[in-house]
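The lines below spell out each chain.
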Amino acid sequence: MRQPIYPRFLRFYASCVCAGAVTLAMPVSLQISPDHAGWQLQSGSPVWAQTEQKPSGTDSLTDLEYVAASEISDSDAAENAETSLPLRQTSPLVVEPIAPPSEPLEAGAVEADRAPGVDPRTLGSAMKDMMRRNPVVATVEGEEIRWKDVIESSSDLPEEYQSRIESVFPALLDRLIDLKLLANAARSRDLDEDETLQRRVRAYEDILLRDAYIAQTVAPKIAEADVRARYFEVLRANAGTTERHLRHVVVKSRDEAVAVVQSLDDGLEFAELARNYSIGGSAPNGGDLGFMRRDSLDEAFAAAAFDLRVGSYSKKPLRTEFGWHVIKVEGERKASLPVYEALAPKLREELARERISATLKKLRADADLDLFPEN
């Protein structure tokens with residue numbers, strides 16, 4: 001039977017982070033569901049379209065329960081007493097090496113919060129220190145689990161938990177231990193020899209290798225200068241582009257569309273007709289489509305909308321797959337151009353896709369590739 005995780009981890013962290021006495025308080029417990037053992041390997045590429053679904057094994061993180069000091073058992077208190085420093089309830093992770101204070105208190109800090117002769121280290125520096133050391137935090141039947149293994153296992157968590165990883169670290173460690181125990185139990189039954197399972201493992205391995213290859217060979221080659229050059233290409237291509245503020249009424253038949261045109265000729269308000277008769281999603285807003293660029297519209301719809309004078313409506317209804325349209329042009333303006341910072345991520349992904357396509361083209365040309373089309 002394994003020993004309790006939290007007291008052993010407290011003693012280990014104390015010996016690992018600093019030469020003096022260290023306090024590590026992680027007052028969080030997590031209800032772990034056996035379903036979490038069904039973890040799936042995930043692809044982390046930011047530029048590759050994924051077909052795999054995200055695992056749903058994070059539901060139990062909503063069950064986090066903060067343990068009050070009064071709920072700590074006597075045995076746990078005895079274990080923690082070996083650190084010679086009291087547990088702190090103000091932070092889930094506080095590392096305090098015993099050393100003379102070398103820096104003044106931060107603004108807003110209370111002097112009473114600082115123990116005499118103790119210079120608290122920031123949480124960020126403590127986490128960086130542990131990432132650098134990457135110590136063993138547990139062993140499962142002889143197999144080591146290191147600090148980075150636990151941190152990397154948090155990639156499937158919601159951002160709210162990843163931003164306070166120190167609080168959920170014990171729960172993540174328990175989840176990783178449970179995963180390995182169940183995986184080992186499966187191996188003891190030779191489930192790892194199952195042909196279908198092996199095929200799935202190879203498929204996940206291919207995904208991870210693909211992402212690693214892209215990350216190491218494609219992404220580093222996209223320099224900032226390349227992104228800026230693409231940005232100025234976009235600016236030149238869109239120079240002088242106009243946008244039109246459009247409304248439309250879409251109905252099921254041509255006769256209804258002709259009746260709408262007649263009503264407009266009789267002086268009825270376009271927006272009111274759209275609210276009362278349009279079957280389009282913009283009907284509640286009076287048929288308002290906002291400012292649209294020609295290249296963002298269906299070709300026939302764009303031709304009709306951009307051939308009209310500002311303030312006029314189409315006398316001849318237009319038919320599309322959605323029905324019969326009557327279009328009005330409310331206004332026109334020069335197209336607004338996005339600033340570099342807003343467009344850069346999209347341009348970087350665009351460049352990455354282009355280079356991935358070029359890489360695949362070369363790999364296909366060099367590969368011994370046979371295709372077997374269906375008869």
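Residues numbered from 1 in each chain as written. Predicted model: local features only at pLDDT ≥ 70, side-chain atom pairs only at ≥ 80, totals over all residues. Heavy atoms only, no water.

### Here's the deal with the overall build of the protein
For the protein, the count of helices and strands is 12 helices and 8 strands. Expressed as a percentage of its 375 residues, the buried residues of the protein come to 36%. Within the protein, contacts between residues separated by at least 24 positions form 70% of all contacts whose residues are at least 6 apart in sequence. (Helix = DSSP H or I, 4+ residues; strand = E, 2+ residues; numbered from the N terminus. Buried < 20%, exposed > 50% of the residue type's maximum accessible area, 1.4 Å probe, protein only. Contact = heavy atoms within 4.5 Å.)

### Points about the sheet that holds strand E6 (residues 288–293)
Strand order in the open sheet formed by 4 strands is E6-E5-E8-E7, with antiparallel pairing between adjacent strands. The open sheet terminates on both sides in strands that have one partner only, identified here as E6 and strand E7 (318–320). Taken pair by pair, the neighbouring strands of this sheet meet at an average axis angle of 45°, ignoring direction. The pairing of strand E5 (residues 242–251) with E6 spans 5 bridges and is classified as antiparallel. Note on E6: the bridge partner recorded for His245 is Phe291. Its contacts with the sheet place helix H10 (residues 270–277) against E5 and strand E8 (323–334), and it is angled at close to 45° to E5. (Pairing = 2+ DSSP bridges. Axes fitted to C-alpha atoms, helices over the stretch in contact; angles between N-to-C directions.)

### Section: the side chain of Asp156
Here Asp156 lies in the loop between helix H4 (147–152) and helix H5 (159–162). Using a relative accessible area of 9% as the deciding quantity, one classes Asp156 as buried.

Any functional reading would require information beyond the geometric quantities listed.
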